[in-house]
Amino acid sequence: MQARTLLSTVRPPTRPSSFQEPTEAHVSAREFSVFYRTNEAVKEVTFDIPVGLVTAIIGPSGCGKSTFLRAINRMNDLIPGCFAQGNLFFDETDIYGRDVDAVALRQRVGMVFQKPNPFPKSVFDNVAYGPRLQGIKNKGKLAQIVEHSLHRAAIWDEVKDRLGQNALGLSGGQQQRLCIARALAVDPEVLLMDEPTSALDPQSTARIEDLIGELRGRYTIVIVTHNMQQAARISDLTAFFYEGVLVEFGKTNALFTKPTKKQTEDYITGRFG
């Protein structure tokens, strides 16, 4: 299969919401490492993240899970002294290849951060921000994108009468779903989530988890979470990181009920971490 350029806007085939054996990798790590100067935070990890499923990355604080997540859309480029070795492929293109445009990559690989970070703009302008950067100026087209994105993020009914109001006036859970809508507005293929519910109350957390379930199949979702129960509830596959090493990766149900590594068993049973 011919590799697609990272400037392409063609979406991959949609996968059904129910789990199936993955047949196509969307992101592939091959002996991939990330360094902060001399500190190797991610150590030669190798695994495939399949198209259209939810992959959770778990592990104790400082184990490299967020560093790996940020590597997928090269957010680590913004950190002085941070560099990568090995290969990290997105649709068979090496993300760290010399010819890769990081800005174009981030249009195809969206990200939602730990704390909601809406811009101090209106609800409408938050969601329209990315499409405007892509050159879309037509008001009707922008309105269509904003409404569609807010529907997909399951927040349209709550904000449809507040589109002109400052997004900072929304609740924390609403702000996080707005940030998801903002990420979806540029029509990414992969959605990265870095502990997206850690700052939210249980009710807002449940709504975000339900939303992730609704987005499964439309997008490839990679979520870092410190909450093992959350990983068990929402993911199809789980990767367990410890001290920068990928200890175990497989179907979530199997990893949580019959882990193959004692280190994994010790972590998920609370013996450490």
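Residues numbered from 1 in each chain as written. Predicted model: local features only at pLDDT ≥ 70, side-chain atom pairs only at ≥ 80, totals over all residues. Heavy atoms only, no water.

Caption draft 1: Up close: the pattern of salt bridges. In total, this model carries eleven salt bridges according to the counting rule given. Close ionic contact of Arg-74 with Asp-77 constitutes a salt bridge, the shortest N to O distance being 2.7 Å. For Lys-262, the salt bridge goes to Asp-266, with nearest N and O atoms at 3.1 Å. Remark: Asp-266 and Lys-262 occur in helix α10 (residues 262-268); sequence separation between them is four residues, near one turn of the helix. Given the relative accessible area of 56%, Lys-262 is considered exposed. Overall, the relative accessible area of 13% leaves Asp-266 in the buried class. What emerges from the salt-bridge pattern is a single network uniting Asp-91, Arg-108 and Glu-189. (Salt bridge = Lys/Arg side-chain N within 4 Å of Asp/Glu carboxyl O. Helix = DSSP H or I, 4+ residues; strand = E, 2+ residues; numbered from the N terminus. Buried < 20%, exposed > 50% of the residue type's maximum accessible area, 1.4 Å probe, protein only.)

Caption draft 2: Representation of unusual backbone geometry within the structure. Positioned with a positive phi, Asp-187 is a non-glycine residue whose angle comes to about 55 degrees. Tracing the backbone shows Asp-187 in the loop between α6 (172-184) and β7 (190-194).

Caption draft 3: View of the sheet that holds strand β2 (residues 39-50). Judged by pairing direction, the sheet is antiparallel, and its four strands sit side by side in the order β2-β1-β4-β5 without closing on themselves. A strand with exactly one partner marks an edge of an open sheet, and here the two such strands are β2 and β5 (93-94). As paired strands, strand β1 (residues 25-36) and strand β4 (residues 82-90) are joined by eight bridges and run antiparallel to one another. Bridging from a neighbouring strand, Val-27 pairs with Phe-90 of β4. Strands β1, β2 and β4 of the sheet are contacted by helix α1 (residues 65-72), whose axis makes an angle of about 120 degrees with β1. (Pairing = 2+ DSSP bridges. Contact = heavy atoms within 4.5 Å. Axes fitted to C-alpha atoms, helices over the stretch in contact; angles between N-to-C directions.)

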